[in-house]
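# Structure at a glance
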Amino acid sequence: MAEEQPGHQAAGHVDEQALDEVVRFTSELIRIDTTNRGGGDCRERPAAEYAAERLAGAGLEPRLLERTPGRTNVVARIEGTDPSADALLLHGHLDVVPAEAADWSVDPFSGEIRDGVVWGRGAVDMKNMDAMILSVVRGWARQGVRPRRDIVIAFTADEEASAEDGSGFLADQHASLFEGCTEGVSESGAFTFHDGRGNELYGIAAGERGTGWLRLTAHGRAGHGSKVNHDNAVTKLATAIARIGEHRWPVRLTPTVRAALTELAALYGEQADLDTPGFDVDTLLEKLGPAASLVEATVRNSANPTMLHAGYKVNVIPGQAVAHVDGRFLAGAEEEFAATLDRLTGVDVDWEFHHREVALQAPVHSSTYAKMRAAVKEFAPEGHVVPYCMSGGTDAKQFSRLGITGYGFTPLKTPEGFDYQALFHGVDERVPVDALHFGVRVLDRYLRTA
Ligand SMILES: [Zn+2]
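Residues numbered from 1 in each chain as written. Predicted model: local features only at pLDDT ≥ 70, side-chain atom pairs only at ≥ 80, totals over all residues. Heavy atoms only, no water.

Taken together, His93 (NE2), Asp125 (OD), Glu187 (OE) and Glu187 (OE) make up the protein donors of the zinc ion, found 1.8 to 2.6 Å from the metal. Between the 4 donor atoms coordinating the zinc ion, the angles at the centre fall across 54 to 147°, so the site counts as irregular. Each donor residue of the zinc ion belongs to the same chain, and together they define the spacing H-x31-D-x61-E. Placement of the pair is His93 in strand β3 (residues 87-93) and Asp125 in the loop between β5 (117-119) and α4 (127-143), with a sequence separation of 32 residues. (Donors = N, O, S within 2.8 Å, 3.2 Å for Na, K, Ca; no water. Tetrahedral: all angles 85-135°; square planar, octahedral: opposite > 155°, others 65-115°. Helix = DSSP H or I, 4+ residues; strand = E, 2+ residues; numbered from the N terminus.)

The next thing to look at is helix α8 (residues 281-288). Structurally, the α-helix is built with 3.6 residues per turn, so residues lying three or four positions apart point the same way. Among all positions of α8, only Val281, Leu284, Leu285 and Leu288 are buried. All buried residues of α8 lie within an arc of 100° about the axis, which places them on one face of the element. The secondary structure elements touched by the buried residues of α8 are α7 (255-267). By the N-cap criterion, in which a side-chain oxygen at the helix start approaches the backbone nitrogen of a residue two or three places on, α8 is capped by Asp280, the distance to Asp282 being 3.2 Å. (Buried < 20%, exposed > 50% of the residue type's maximum accessible area, 1.4 Å probe, protein only. Arc of directions from axis to C-beta. Contact = heavy atoms within 4.5 Å. Polar contact = N/O pair within 3.5 Å; in protein donor to acceptor, adjacent residues only side chain to side chain.)

It is worth spelling out the domain arrangement of the protein at this point. Domain annotation for the protein reports domain 1 (16-188 + 394-449) and domain 2 (210-357). If you average the C-alpha positions of domain 1 and of domain 2, the two centres end up 32 Å apart. In this complex, domain 1 contributes 4 residues to the contact, which on the side of domain 2 involves 5 residues. Carbon and sulfur atoms make up 43% of the area that domain 1 and domain 2 hide from each other, which totals about 310 Å². Among the residues domain 1 hides against domain 2, the three largest losses belong to Lys397, Gln398 and Gln421. Together they make up 83% of the total. Inspection of the domain 1/domain 2 interface yields 0 salt bridges. Linking domain 1 with domain 2 are 1 residue pair in polar contact (both at pLDDT 80 or more), by the criterion used here. (Domains from an automatic or database assignment. Buried area = accessible area lost by both parts, 1.4 Å probe. Salt bridge = Lys/Arg side-chain N within 4 Å of Asp/Glu carboxyl O.)

Looking now at the sheet that holds strand β15 (residues 349-357). A sheet is described by the order of its strands in space; here 4 strands give the open sequence β12-β14-β10-β15, paired in antiparallel fashion. Edge positions in the open sheet fall to β12 (302-310) and β15, since each of these has one partner strand only. Across the sheet, the mean angle from the axis of one strand to that of its neighbour is 20°, orientation sign disregarded. Relative to the sheet, helix α6 (residues 233-246) contacts β10 (210-219), β12, β14 (320-329) and β15, its axis offset from that of β14 by approximately 15°. Across the face of the sheet, helix α9 (residues 334-345) comes into contact with β10, β12, β14 and β15 while running at roughly 155° to β15. (Pairing = 2+ DSSP bridges. Axes fitted to C-alpha atoms, helices over the stretch in contact; angles between N-to-C directions.)

Structure follows, in C-alpha coordinates:
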(Lines give C-alpha, C1' and ligand atoms only; values in the text may rest on other atoms or scores of the structure.)
Protein backbone atom coordinates (compact mmCIF):
# COMPACT_ATOMS: atom_id res chain seq x y z
CA MET A 1 0.00 0.00 0.00
CA ALA A 2 1.16 3.48 -0.79
CA GLU A 3 0.92 6.45 1.51
CA GLU A 4 -1.87 7.07 3.97
CA GLN A 5 -5.02 8.28 2.18
CA PRO A 6 -8.32 9.34 3.70
CA GLY A 7 -9.77 6.20 2.12
CA HIS A 8 -7.19 4.17 3.99
CA GLN A 9 -8.34 5.65 7.29
CA ALA A 10 -11.92 4.90 6.39
CA ALA A 11 -11.04 1.24 6.27
CA GLY A 12 -9.71 1.22 9.85
CA HIS A 13 -11.41 -0.05 12.98
CA VAL A 14 -11.76 0.93 16.61
CA ASP A 15 -9.03 -0.47 18.84
CA GLU A 16 -9.36 -2.53 22.02
CA GLN A 17 -8.96 0.53 24.18
CA ALA A 18 -12.01 2.17 22.61
CA LEU A 19 -14.04 -0.95 23.42
CA ASP A 20 -12.91 -0.77 27.04
CA GLU A 21 -13.47 2.96 27.30
CA VAL A 22 -17.02 2.96 25.98
CA VAL A 23 -18.05 0.63 28.80
CA ARG A 24 -16.10 2.47 31.49
CA PHE A 25 -17.28 5.90 30.34
CA THR A 26 -20.92 4.80 30.25
CA SER A 27 -20.64 3.45 33.79
CA GLU A 28 -18.76 6.48 35.13
CA LEU A 29 -21.15 8.95 33.50
CA ILE A 30 -24.10 7.11 35.07
CA ARG A 31 -22.40 7.51 38.47
CA ILE A 32 -22.46 11.28 38.01
CA ASP A 33 -26.07 12.02 38.96
CA THR A 34 -27.41 14.54 36.46
CA THR A 35 -31.11 14.11 37.26
CA ASN A 36 -33.18 16.82 35.60
CA ARG A 37 -36.36 17.41 37.61
CA GLY A 38 -37.35 20.38 35.47
CA GLY A 39 -37.73 23.95 36.65
CA GLY A 40 -33.94 24.37 36.68
CA ASP A 41 -33.37 21.60 39.22
CA CYS A 42 -30.32 19.94 37.68
CA ARG A 43 -26.54 20.24 37.67
CA GLU A 44 -24.73 18.86 34.64
CA ARG A 45 -21.39 20.51 35.39
CA PRO A 46 -19.53 17.46 36.82
CA ALA A 47 -20.55 15.36 33.80
CA ALA A 48 -19.57 18.19 31.46
CA GLU A 49 -16.14 18.42 33.09
CA TYR A 50 -15.77 14.66 32.83
CA ALA A 51 -16.52 14.77 29.09
CA ALA A 52 -14.32 17.83 28.52
CA GLU A 53 -11.32 16.16 30.21
CA ARG A 54 -11.67 13.18 27.92
CA LEU A 55 -11.95 15.37 24.83
CA ALA A 56 -8.87 17.31 25.94
CA GLY A 57 -7.12 13.94 26.30
CA ALA A 58 -7.82 13.44 22.58
CA GLY A 59 -6.04 16.70 21.77
CA LEU A 60 -9.23 18.77 21.34
CA GLU A 61 -9.99 22.13 22.91
CA PRO A 62 -13.42 21.79 24.47
CA ARG A 63 -15.28 24.87 25.64
CA LEU A 64 -17.53 24.80 28.69
CA LEU A 65 -20.55 27.06 28.21
CA GLU A 66 -23.24 28.00 30.72
CA ARG A 67 -26.28 30.24 30.65
CA THR A 68 -27.00 29.30 34.25
CA PRO A 69 -24.27 28.31 36.73
CA GLY A 70 -23.95 24.53 36.93
CA ARG A 71 -25.96 23.93 33.75
CA THR A 72 -22.91 23.23 31.64
CA ASN A 73 -22.59 22.44 27.95
CA VAL A 74 -19.42 21.27 26.18
CA VAL A 75 -18.52 22.07 22.58
CA ALA A 76 -15.40 21.03 20.64
CA ARG A 77 -14.47 20.85 16.97
CA ILE A 78 -12.39 18.28 15.09
CA GLU A 79 -10.93 19.74 11.94
CA GLY A 80 -11.60 17.66 8.87
CA THR A 81 -9.22 17.04 5.97
CA ASP A 82 -11.51 18.73 3.42
CA PRO A 83 -12.03 22.39 4.33
CA SER A 84 -14.64 22.75 1.57
CA ALA A 85 -16.86 20.04 3.08
CA ASP A 86 -19.90 20.88 5.24
CA ALA A 87 -19.43 20.23 8.93
CA LEU A 88 -21.29 17.55 10.89
CA LEU A 89 -22.71 18.06 14.39
CA LEU A 90 -22.51 15.12 16.76
CA HIS A 91 -24.47 15.78 19.95
CA GLY A 92 -25.59 14.07 23.13
CA HIS A 93 -27.33 15.36 26.25
CA LEU A 94 -25.78 14.96 29.70
CA ASP A 95 -28.92 15.12 31.84
CA VAL A 96 -31.23 12.23 32.67
CA VAL A 97 -34.81 11.92 33.88
CA PRO A 98 -35.40 11.10 37.58
CA ALA A 99 -35.19 7.51 38.84
CA GLU A 100 -37.18 6.23 41.82
CA ALA A 101 -34.53 4.05 43.52
CA ALA A 102 -37.11 1.93 45.39
CA ASP A 103 -38.47 0.61 42.08
CA TRP A 104 -35.06 -0.52 40.80
CA SER A 105 -33.13 -3.80 41.16
CA VAL A 106 -29.89 -1.81 41.54
CA ASP A 107 -28.95 1.68 42.68
CA PRO A 108 -29.88 3.67 39.55
CA PHE A 109 -26.72 5.78 39.91
CA SER A 110 -24.30 2.93 40.62
CA GLY A 111 -23.24 2.35 37.02
CA GLU A 112 -22.88 -1.26 38.08
CA ILE A 113 -21.59 -3.73 35.49
CA ARG A 114 -23.10 -7.13 36.17
CA ASP A 115 -23.21 -10.18 33.89
CA GLY A 116 -22.12 -8.17 30.89
CA VAL A 117 -24.70 -5.40 31.35
CA VAL A 118 -24.20 -1.79 32.46
CA TRP A 119 -27.02 -0.66 34.75
CA GLY A 120 -28.29 2.77 35.60
CA ARG A 121 -30.22 5.87 34.65
CA GLY A 122 -28.86 7.10 31.33
CA ALA A 123 -27.66 3.67 30.13
CA VAL A 124 -29.75 4.10 26.97
CA ASP A 125 -30.84 7.77 27.23
CA MET A 126 -28.17 8.75 26.52
CA LYS A 127 -24.93 8.43 28.41
CA ASN A 128 -24.26 5.38 26.25
CA MET A 129 -24.03 7.61 23.17
CA ASP A 130 -22.02 10.25 25.03
CA ALA A 131 -19.53 7.49 25.93
CA MET A 132 -19.51 6.21 22.34
CA ILE A 133 -18.69 9.67 21.01
CA LEU A 134 -15.85 10.10 23.53
CA SER A 135 -14.44 6.64 22.81
CA VAL A 136 -14.47 7.09 19.03
CA VAL A 137 -12.79 10.49 19.19
CA ARG A 138 -10.08 9.26 21.56
CA GLY A 139 -9.48 6.23 19.38
CA TRP A 140 -8.97 8.50 16.39
CA ALA A 141 -6.41 10.53 18.33
CA ARG A 142 -4.45 7.34 19.06
CA GLN A 143 -4.66 6.16 15.43
CA GLY A 144 -4.08 9.55 13.80
CA VAL A 145 -7.48 9.45 12.07
CA ARG A 146 -8.95 12.68 10.77
CA PRO A 147 -12.47 12.81 9.35
CA ARG A 148 -13.19 14.34 5.97
CA ARG A 149 -15.72 16.84 7.32
CA ASP A 150 -15.24 19.02 10.36
CA ILE A 151 -17.05 17.35 13.24
CA VAL A 152 -18.49 19.57 15.96
CA ILE A 153 -19.13 17.68 19.20
CA ALA A 154 -21.69 19.07 21.65
CA PHE A 155 -22.67 17.66 25.01
CA THR A 156 -25.73 19.50 26.20
CA ALA A 157 -27.55 20.32 29.41
CA ASP A 158 -31.31 20.45 29.90
CA GLU A 159 -32.56 18.22 27.09
CA GLU A 160 -35.00 16.48 29.44
CA ALA A 161 -36.72 19.77 30.29
CA SER A 162 -36.94 22.96 28.22
CA ALA A 163 -33.46 22.91 26.58
CA GLU A 164 -33.24 26.59 27.51
CA ASP A 165 -29.98 26.00 29.38
CA GLY A 166 -28.77 23.54 26.77
CA SER A 167 -29.17 23.29 23.03
CA GLY A 168 -31.53 26.28 22.94
CA PHE A 169 -28.92 28.44 24.61
CA LEU A 170 -26.15 27.13 22.33
CA ALA A 171 -28.21 27.75 19.19
CA ASP A 172 -29.17 31.27 20.31
CA GLN A 173 -25.94 32.49 21.90
CA HIS A 174 -23.13 30.44 20.38
CA ALA A 175 -24.18 29.88 16.78
CA SER A 176 -20.64 30.58 15.55
CA LEU A 177 -19.40 27.37 17.19
CA PHE A 178 -21.62 25.46 14.76
CA GLU A 179 -20.53 27.30 11.65
CA GLY A 180 -20.68 25.15 8.55
CA CYS A 181 -22.76 22.41 10.18
CA THR A 182 -25.49 21.19 7.84
CA GLU A 183 -26.42 17.89 9.48
CA GLY A 184 -26.60 16.58 13.01
CA VAL A 185 -26.50 13.12 14.55
CA SER A 186 -27.82 12.18 17.98
CA GLU A 187 -30.46 10.03 19.74
CA SER A 188 -32.37 7.83 19.05
CA GLY A 189 -32.10 5.40 16.19
CA ALA A 190 -30.29 2.35 14.83
CA PHE A 191 -31.08 0.19 17.85
CA THR A 192 -32.28 -3.37 17.35
CA PHE A 193 -36.02 -3.83 17.02
CA HIS A 194 -36.98 -7.49 17.14
CA ASP A 195 -40.17 -7.88 15.16
CA GLY A 196 -41.27 -11.18 16.69
CA ARG A 197 -40.90 -12.91 13.30
CA GLY A 198 -37.15 -13.44 13.53
CA ASN A 199 -36.15 -10.18 11.86
CA GLU A 200 -33.91 -7.50 13.34
CA LEU A 201 -34.91 -3.99 12.29
CA TYR A 202 -32.76 -0.90 12.74
CA GLY A 203 -34.75 2.32 12.49
CA ILE A 204 -32.74 5.41 11.66
CA ALA A 205 -34.64 8.51 12.73
CA ALA A 206 -35.15 11.01 9.91
CA GLY A 207 -37.70 13.37 11.39
CA GLU A 208 -39.59 14.28 14.53
CA ARG A 209 -43.13 15.30 15.20
CA GLY A 210 -43.52 18.82 16.52
CA THR A 211 -44.55 19.49 20.11
CA GLY A 212 -47.70 21.41 20.95
CA TRP A 213 -48.35 21.38 24.68
CA LEU A 214 -51.66 23.14 25.13
CA ARG A 215 -53.34 24.99 27.94
CA LEU A 216 -57.14 25.12 27.73
CA THR A 217 -59.18 27.54 29.79
CA ALA A 218 -62.94 27.59 30.21
CA HIS A 219 -64.65 30.57 31.87
CA GLY A 220 -68.10 30.50 33.37
CA ARG A 221 -70.28 31.98 36.07
CA ALA A 222 -69.12 31.12 39.58
CA GLY A 223 -71.79 30.33 42.13
CA HIS A 224 -73.48 28.01 44.56
CA GLY A 225 -73.48 24.35 43.62
CA SER A 226 -77.18 24.00 44.44
CA LYS A 227 -78.39 26.67 41.99
CA VAL A 228 -79.29 26.51 38.32
CA ASN A 229 -76.14 27.27 36.29
CA HIS A 230 -75.93 26.79 32.49
CA ASP A 231 -72.62 28.66 32.39
CA ASN A 232 -70.50 26.10 34.24
CA ALA A 233 -66.78 26.24 33.43
CA VAL A 234 -66.22 22.62 34.49
CA THR A 235 -68.93 21.34 32.14
CA LYS A 236 -67.63 23.40 29.23
CA LEU A 237 -64.07 22.23 29.76
CA ALA A 238 -65.08 18.60 30.16
CA THR A 239 -67.05 18.74 26.92
CA ALA A 240 -64.09 20.17 25.01
CA ILE A 241 -61.65 17.70 26.54
CA ALA A 242 -63.85 14.76 25.64
CA ARG A 243 -64.07 15.98 22.03
CA ILE A 244 -60.27 16.31 21.85
CA GLY A 245 -59.62 12.93 23.44
CA GLU A 246 -62.04 11.16 21.13
CA HIS A 247 -61.02 12.96 17.95
CA ARG A 248 -59.83 10.67 15.18
CA TRP A 249 -57.06 12.59 13.46
CA PRO A 250 -56.76 12.16 9.69
CA VAL A 251 -53.78 10.31 8.23
CA ARG A 252 -50.99 12.63 7.09
CA LEU A 253 -47.96 10.84 5.67
CA THR A 254 -44.65 12.70 5.68
CA PRO A 255 -41.88 11.61 3.29
CA THR A 256 -40.09 9.70 6.07
CA VAL A 257 -43.24 7.90 7.21
CA ARG A 258 -44.10 7.06 3.60
CA ALA A 259 -40.64 5.57 3.14
CA ALA A 260 -40.98 3.64 6.40
CA LEU A 261 -44.37 2.19 5.42
CA THR A 262 -43.15 1.31 1.94
CA GLU A 263 -40.00 -0.45 3.18
CA LEU A 264 -41.76 -2.31 5.98
CA ALA A 265 -44.51 -3.44 3.62
CA ALA A 266 -41.87 -4.74 1.18
CA LEU A 267 -40.09 -6.60 3.99
CA TYR A 268 -43.29 -8.45 4.88
CA GLY A 269 -44.52 -8.90 1.32
CA GLU A 270 -47.53 -6.62 1.84
CA GLN A 271 -49.07 -4.17 -0.61
CA ALA A 272 -48.58 -0.51 0.22
CA ASP A 273 -50.37 1.55 -2.41
CA LEU A 274 -50.11 4.73 -0.39
CA ASP A 275 -51.55 6.91 -3.16
CA THR A 276 -54.43 4.67 -4.16
CA PRO A 277 -57.83 6.09 -3.25
CA GLY A 278 -59.20 4.08 -0.38
CA PHE A 279 -55.77 3.17 0.95
CA ASP A 280 -56.25 2.38 4.62
CA VAL A 281 -53.14 2.84 6.72
CA ASP A 282 -54.63 1.05 9.71
CA THR A 283 -55.15 -2.15 7.71
CA LEU A 284 -51.53 -2.00 6.60
CA LEU A 285 -50.33 -1.34 10.15
CA GLU A 286 -52.19 -4.42 11.35
CA LYS A 287 -50.41 -6.54 8.76
CA LEU A 288 -47.02 -5.23 9.89
CA GLY A 289 -47.46 -6.78 13.33
CA PRO A 290 -45.15 -5.56 16.10
CA ALA A 291 -43.15 -3.48 13.59
CA ALA A 292 -46.19 -1.20 13.33
CA SER A 293 -45.02 0.38 16.56
CA LEU A 294 -42.18 2.02 14.60
CA VAL A 295 -44.70 4.06 12.60
CA GLU A 296 -48.16 4.01 14.17
CA ALA A 297 -47.64 7.11 16.32
CA THR A 298 -46.44 9.15 13.36
CA VAL A 299 -49.10 8.63 10.70
CA ARG A 300 -51.30 11.30 12.30
CA ASN A 301 -51.20 14.33 14.54
CA SER A 302 -52.29 13.57 18.09
CA ALA A 303 -53.66 15.36 21.15
CA ASN A 304 -53.92 13.56 24.48
CA PRO A 305 -55.57 15.29 27.45
CA THR A 306 -53.24 14.87 30.42
CA MET A 307 -54.11 17.33 33.21
CA LEU A 308 -57.28 18.87 34.67
CA HIS A 309 -57.57 21.63 37.26
CA ALA A 310 -60.85 23.05 38.51
CA GLY A 311 -62.72 23.82 41.65
CA TYR A 312 -61.91 23.75 45.36
CA LYS A 313 -65.09 22.65 47.09
CA VAL A 314 -67.91 20.33 46.09
CA ASN A 315 -70.71 22.91 46.59
CA VAL A 316 -68.97 25.80 44.85
CA ILE A 317 -69.05 26.17 41.04
CA PRO A 318 -65.69 27.66 40.05
CA GLY A 319 -65.48 30.53 37.56
CA GLN A 320 -62.67 28.89 35.64
CA ALA A 321 -61.42 25.44 34.69
CA VAL A 322 -58.08 24.60 33.13
CA ALA A 323 -56.73 21.56 31.31
CA HIS A 324 -53.47 20.58 29.63
CA VAL A 325 -53.18 18.56 26.47
CA ASP A 326 -50.07 16.92 25.01
CA GLY A 327 -50.33 17.65 21.31
CA ARG A 328 -47.94 16.48 18.58
CA PHE A 329 -48.03 17.44 14.95
CA LEU A 330 -46.30 16.20 11.84
CA ALA A 331 -44.13 18.27 9.53
CA GLY A 332 -46.48 20.25 7.29
CA ALA A 333 -49.54 19.56 9.47
CA GLU A 334 -49.23 22.25 12.13
CA GLU A 335 -51.78 24.66 10.66
CA GLU A 336 -54.30 21.88 10.41
CA PHE A 337 -53.52 20.94 14.00
CA ALA A 338 -54.30 24.48 15.21
CA ALA A 339 -57.45 24.78 13.09
CA THR A 340 -58.68 21.45 14.43
CA LEU A 341 -58.11 22.58 18.02
CA ASP A 342 -60.10 25.75 17.34
CA ARG A 343 -62.98 23.60 16.15
CA LEU A 344 -62.78 20.99 18.92
CA THR A 345 -62.58 23.50 21.75
CA GLY A 346 -65.45 25.57 20.37
CA VAL A 347 -66.40 29.09 21.40
CA ASP A 348 -66.58 28.37 25.13
CA VAL A 349 -63.01 27.28 25.70
CA ASP A 350 -59.80 29.18 24.90
CA TRP A 351 -56.59 27.35 24.07
CA GLU A 352 -52.99 28.40 23.65
CA PHE A 353 -49.61 26.81 23.07
CA HIS A 354 -48.04 26.56 26.49
CA HIS A 355 -44.97 25.08 24.83
CA ARG A 356 -44.35 24.68 21.13
CA GLU A 357 -41.51 23.09 19.19
CA VAL A 358 -41.09 22.67 15.47
CA ALA A 359 -41.60 19.40 13.55
CA LEU A 360 -38.57 18.10 11.64
CA GLN A 361 -38.16 16.26 8.39
CA ALA A 362 -34.80 14.86 7.22
CA PRO A 363 -34.25 13.32 3.78
CA VAL A 364 -33.87 9.54 3.58
CA HIS A 365 -32.44 9.75 0.07
CA SER A 366 -29.27 11.48 1.27
CA SER A 367 -25.67 10.33 1.31
CA THR A 368 -25.67 10.72 5.10
CA TYR A 369 -28.57 8.31 5.48
CA ALA A 370 -26.91 5.90 3.03
CA LYS A 371 -23.64 5.97 4.98
CA MET A 372 -25.38 5.35 8.29
CA ARG A 373 -27.25 2.47 6.72
CA ALA A 374 -24.04 1.01 5.30
CA ALA A 375 -22.30 1.26 8.68
CA VAL A 376 -25.10 -0.68 10.39
CA LYS A 377 -25.18 -3.28 7.62
CA GLU A 378 -21.44 -3.85 7.90
CA PHE A 379 -21.71 -4.96 11.52
CA ALA A 380 -25.27 -6.35 11.39
CA PRO A 381 -25.54 -7.77 7.86
CA GLU A 382 -28.70 -9.67 8.84
CA GLY A 383 -30.40 -6.43 9.96
CA HIS A 384 -33.01 -4.47 8.01
CA VAL A 385 -32.42 -0.74 8.13
CA VAL A 386 -35.56 1.37 7.81
CA PRO A 387 -36.18 5.08 8.28
CA TYR A 388 -38.62 6.25 10.90
CA CYS A 389 -39.99 9.46 12.33
CA MET A 390 -39.75 10.07 16.08
CA SER A 391 -43.11 10.61 17.76
CA GLY A 392 -41.53 13.01 20.27
CA GLY A 393 -38.66 15.46 20.16
CA THR A 394 -34.94 15.91 20.87
CA ASP A 395 -32.29 18.63 20.90
CA ALA A 396 -32.32 18.40 17.11
CA LYS A 397 -35.30 20.78 17.21
CA GLN A 398 -33.16 23.54 18.71
CA PHE A 399 -30.22 22.94 16.38
CA SER A 400 -32.60 23.03 13.40
CA ARG A 401 -32.72 26.82 13.94
CA LEU A 402 -29.12 26.86 12.69
CA GLY A 403 -30.14 25.08 9.49
CA ILE A 404 -28.94 21.71 10.79
CA THR A 405 -30.87 18.66 9.57
CA GLY A 406 -31.05 16.13 12.39
CA TYR A 407 -30.84 12.35 12.28
CA GLY A 408 -31.29 9.89 15.14
CA PHE A 409 -28.46 7.40 15.09
CA THR A 410 -27.32 5.75 18.33
CA PRO A 411 -26.37 2.28 17.11
CA LEU A 412 -26.96 -0.57 19.56
CA LYS A 413 -27.35 -4.27 18.85
CA THR A 414 -29.39 -5.89 21.56
CA PRO A 415 -30.64 -9.45 22.01
CA GLU A 416 -34.25 -10.56 21.67
CA GLY A 417 -36.26 -9.83 24.78
CA PHE A 418 -34.28 -6.69 25.51
CA ASP A 419 -36.95 -4.01 25.15
CA TYR A 420 -34.89 -0.97 24.34
CA GLN A 421 -37.87 1.36 23.92
CA ALA A 422 -39.34 0.37 27.30
CA LEU A 423 -36.04 1.19 29.00
CA PHE A 424 -36.13 4.78 27.79
CA HIS A 425 -37.04 6.68 30.96
CA GLY A 426 -37.91 3.25 32.39
CA VAL A 427 -37.13 1.26 35.52
CA ASP A 428 -33.91 -0.83 35.47
CA GLU A 429 -32.53 1.07 32.49
CA ARG A 430 -29.48 -0.86 31.30
CA VAL A 431 -27.38 -1.67 28.28
CA PRO A 432 -25.38 -4.79 27.39
CA VAL A 433 -21.62 -4.39 27.05
CA ASP A 434 -21.84 -6.11 23.65
CA ALA A 435 -24.36 -3.51 22.52
CA LEU A 436 -21.94 -0.73 23.44
CA HIS A 437 -19.16 -2.47 21.53
CA PHE A 438 -21.39 -2.73 18.47
CA GLY A 439 -22.35 0.91 18.89
CA VAL A 440 -18.83 2.22 19.05
CA ARG A 441 -17.83 0.13 16.03
CA VAL A 442 -20.76 1.34 13.92
CA LEU A 443 -20.48 4.96 14.98
CA ASP A 444 -16.75 4.88 14.24
CA ARG A 445 -17.39 3.35 10.82
CA TYR A 446 -20.05 5.89 9.94
CA LEU A 447 -17.99 8.86 11.09
CA ARG A 448 -14.88 7.70 9.20
CA THR A 449 -16.94 7.68 6.01
CA ALA A 450 -19.14 10.72 6.77
ZN1 LIG B 1 -32.61 11.47 25.37
